[in-house]
Amino acid sequence: MPVFATLTAMGIEDVDQISRFRVTERGDHDELKVCFERPAGSCLPASLKFRFPRSQNPEVRIALQQAVDELGQLLDRRNTDPRAAILHNLEQFERVMEAKMAELRGRLAQLPA
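In what follows, the accompanying structure is described. (Residues numbered from 1 in each chain as written. Predicted model: local features only at pLDDT ≥ 70, side-chain atom pairs only at ≥ 80, totals over all residues. Heavy atoms only, no water.)

Let's talk about the overall build of the chain
Each helix and strand in the chain was counted, giving three helices and three strands. When the helices and strands of the chain are read in sequence order from the N terminus, they spell out α-β-β-β-α-α. Projected onto the principal axes, the alpha-carbon positions of the chain cover approximately 55 × 35 × 30 Å. Burial statistics for the chain: of 113 residues in total, 27% are counted as buried. Sequence-distant contacts in the chain: of pairs separated by 6 or more residues, those separated by 24 or more amount to 45%. Total accessible area on the chain stands at roughly 8,200 Å², and carbon and sulfur atoms take up 56% of it. For the chain, the distance from the average site of its 16 positive side-chain charges to the average site of its 17 negative ones is 5 Å. (Helix = DSSP H or I, 4+ residues; strand = E, 2+ residues; numbered from the N terminus. Buried < 20%, exposed > 50% of the residue type's maximum accessible area, 1.4 Å probe, protein only. Contact = heavy atoms within 4.5 Å. Areas by Shrake-Rupley, 256 points an atom, 1.4 Å probe, with all protein chains shown as cover. Lys, Arg positive; Asp, Glu negative; His and termini not counted. Charge placed at Lys NZ, Arg CZ, Asp CG, Glu CD.)

What to know about the sheet that holds strand S3 (residues 47-53)
Reading across from one edge, S1-S2-S3 is the order of the three strands in this open sheet, with antiparallel pairing throughout. The sheet terminates laterally at strand S1 (18-26) and S3, the two strands that pair on one side only. Within this sheet the neighbouring strands show an average axis-to-axis angle of 15 degrees, counted without direction. Pairing analysis gives seven bridges linking strand S2 (residues 29-36) to S3, with the strands arranged antiparallel. When the sheet's bridge partners are listed, Lys-33 is paired in S3 with Lys-49. (Pairing = 2+ DSSP bridges. Axes fitted to C-alpha atoms, helices over the stretch in contact; angles between N-to-C directions.)

Brief notes about the state of the cysteines
Two cysteines form a disulfide when their sulfur atoms are joined by a covalent bond. Summed over the entire model, instances satisfying the criterion amount to zero disulfides. Cys-35 forms no disulfide, and the closest cysteine sulfur to it belongs to Cys-43, at a distance of 18 Å. On the accessibility criterion, Cys-43 (79% relative accessible area) is exposed. (Disulfide = S-S within 2.5 Å.)

Things to note about the environment of Cys-35
Topologically, Cys-35 is positioned in strand S2. Spatially, the C-alpha atom of Cys-35 lies 5.9 Å from that of Ala-46, the residues being 11 residues apart in sequence. Apart from the residues within four sequence positions on either side, Cys-35 is in contact with Gln-17, Ile-18, Ser-19, Arg-20, Ala-46 and Ser-47.

Here's the deal with a nonpolar patch on the surface
Together, Ile-86, Leu-87 and Leu-90 give the surface a local cluster of nonpolar side chains, amounting to about 290 Å² of exposed area. With respect to the secondary-structure elements, Leu-90 resides in helix H3 (residues 82-110). (Patch = residues over 30% accessible without salt bridge, like charges linked within 9 Å, V, L, I, M, F, W, Y side chains within 5 Å. Salt bridge = Lys/Arg side-chain N within 4 Å of Asp/Glu carboxyl O.)

As for the packing of aromatic side chains
Each aromatic ring pair is characterised by the separation of its centres together with the angle its planes make. Per the stated rule, a full pass over the model turns up zero aromatic pairs. The ring of Phe-36 has Arg-38 lying over it, and the distance from NZ or CZ to the ring centre is 4.2 Å. (Phe/Tyr/Trp six-rings, centres within 6.5 Å; stacked < 30°, edge-to-face > 60°. Lys NZ or Arg CZ within 6 Å of the ring centre and 35° of its normal.)

Structural notes on the environment of Leu-74
Within the secondary structure, Leu-74 sits in helix H2 (residues 58-78). With relative accessibility at 1%, the residue Leu-74 sits in the buried group. Residues Leu-74 and Ile-18 lie 56 residues apart in sequence; the distance between their C-alpha atoms is 8.5 Å. The contacts of Leu-74, once residues within four sequence positions are left out, are Phe-4, Val-15 and Ile-18.

Now the structure itself:
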């Protein structure tokens, strides 16, 4: 299996157990959540969250993009059916859009009338 340098640097060693991931905008940072498929009774976490502050520091943005690229490569390699991959991408995009719309509605509700 190829080495995923960014994921390894983040402390993720069991890349073969990664099932999905998502990036969410949270206030002043982006949050990367990596979910795993663990065997029953495992004491390892089912997911890990990583925070990347939104700053002018290009290294932070590059690290997040590299992690997302490695996760995408890893999961795309497993999904050989292009139809299933497209459906998965659509579902993921819908979740991101729903989260963003909920965030915007919340911000709108906080504004004075």
